[in-house]
Amino acid sequence: MTRVALYARYSSDNQREASIEDQFRLCEEHAAREGWQIVERHSDAAISGSSTILRPRHPAAHARGAGGPL
């Protein structure tokens, strides 16, 4: 079974806290259709998407997708 980590975020200007839950729900539905096992969830709230440097949880999620242990 393919193991996956999820990453969701919202910007302070255009979205709300529920946006992260909505994103996770959509990803969970997709993972279920594909038969993937979700092993981690990462999120950043009220942080701009203009730079990955400003998103503290993004590097952890990215490292997992780049071949790090899940």
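The paragraphs below set out a description of the structure included in this document. Keep in mind it's a predicted model, so treat the numbers as computed, not measured.

Our next topic: helix 1 (residues 18-34). With 17 residues, helix 1 ought to run about 24 Å at 1.5 Å a step, and its terminal C-alpha atoms sit 24 Å apart, in line with that. Taken residue by residue, helix 1 has Ser19, Ile20, Phe24 and Ala31 as its buried positions. Each buried residue of helix 1 lies within a common arc of 130 degrees when the element is viewed along its axis, so the set occupies one face. Exposed residues on helix 1 whose side chains face more than 90 degrees from its buried face are Ala32 and Arg33. Where helix 1 terminates, the next one or two residues include Gly35, which has phi positive at roughly 80 degrees.

As a further point, take the pattern of salt bridges. The full count for this structure, using the stated rule, is two salt bridges. Put simply, Arg25 and Glu29 hold a salt bridge, and the shortest N to O gap is 3.4 Å. Of this pair, Arg25 and Glu29 both sit in helix 1, separated by four residues, roughly a single helical turn. Assessed through its relative accessible area of 40%, Arg25 is described here as partly exposed. Of the residues examined, Glu29 reaches a relative accessible area of 36% and is grouped as partly exposed.

One finds Leu6, Ala8, Tyr10, Ile20 and Phe24 forming the largest nonpolar core, which totals five residues. Breaking this core down by element, the ones donating at least two residues are strand 1 (3-9) and helix 1.

Residue placement: His42 occurs in strand 2 (residues 37-44). Residue His42 is classed as buried on the basis of its relative accessible area of 5%. Side-chain polar atoms of His42 contact the side chain of Glu40, separated by 3.0 Å.

All right, on to the environment of Ala45 then. With respect to the element layout, Ala45 can be found in the loop between strand 2 and helix 2 (58-65). On the basis of relative accessible area, Ala45 is assigned to the partly exposed category, the value being 35%. Counting along the chain gives 26 residues from Ala45 to Ser19, while the straight-line C-alpha distance between them is 9.2 Å.

Our next topic: the environment of Asp22. If you trace the backbone, Asp22 turns up in helix 1. Spatially, the C-alpha atom of Asp22 lies 9.1 Å from that of Ala8, the residues being 14 residues apart in sequence.

The rules behind each value
- Residues numbered from 1 in each chain as written.
- Predicted model: local features only at pLDDT ≥ 70, side-chain atom pairs only at ≥ 80, totals over all residues.
- Heavy atoms only, no water.
- Helix = DSSP H or I, 4+ residues; strand = E, 2+ residues; numbered from the N terminus.
- Expected span 1.5 Å × (residues − 1).
- Buried < 20%, exposed > 50% of the residue type's maximum accessible area, 1.4 Å probe, protein only.
- Arc of directions from axis to C-beta.
- Salt bridge = Lys/Arg side-chain N within 4 Å of Asp/Glu carboxyl O.
- Core = buried A, V, L, I, M, F, W, Y, C linked by side-chain atoms within 4.5 Å.
- Polar contact = N/O pair within 3.5 Å; in protein donor to acceptor, adjacent residues only side chain to side chain.

No statement about biological role is implied by the geometric values presented.
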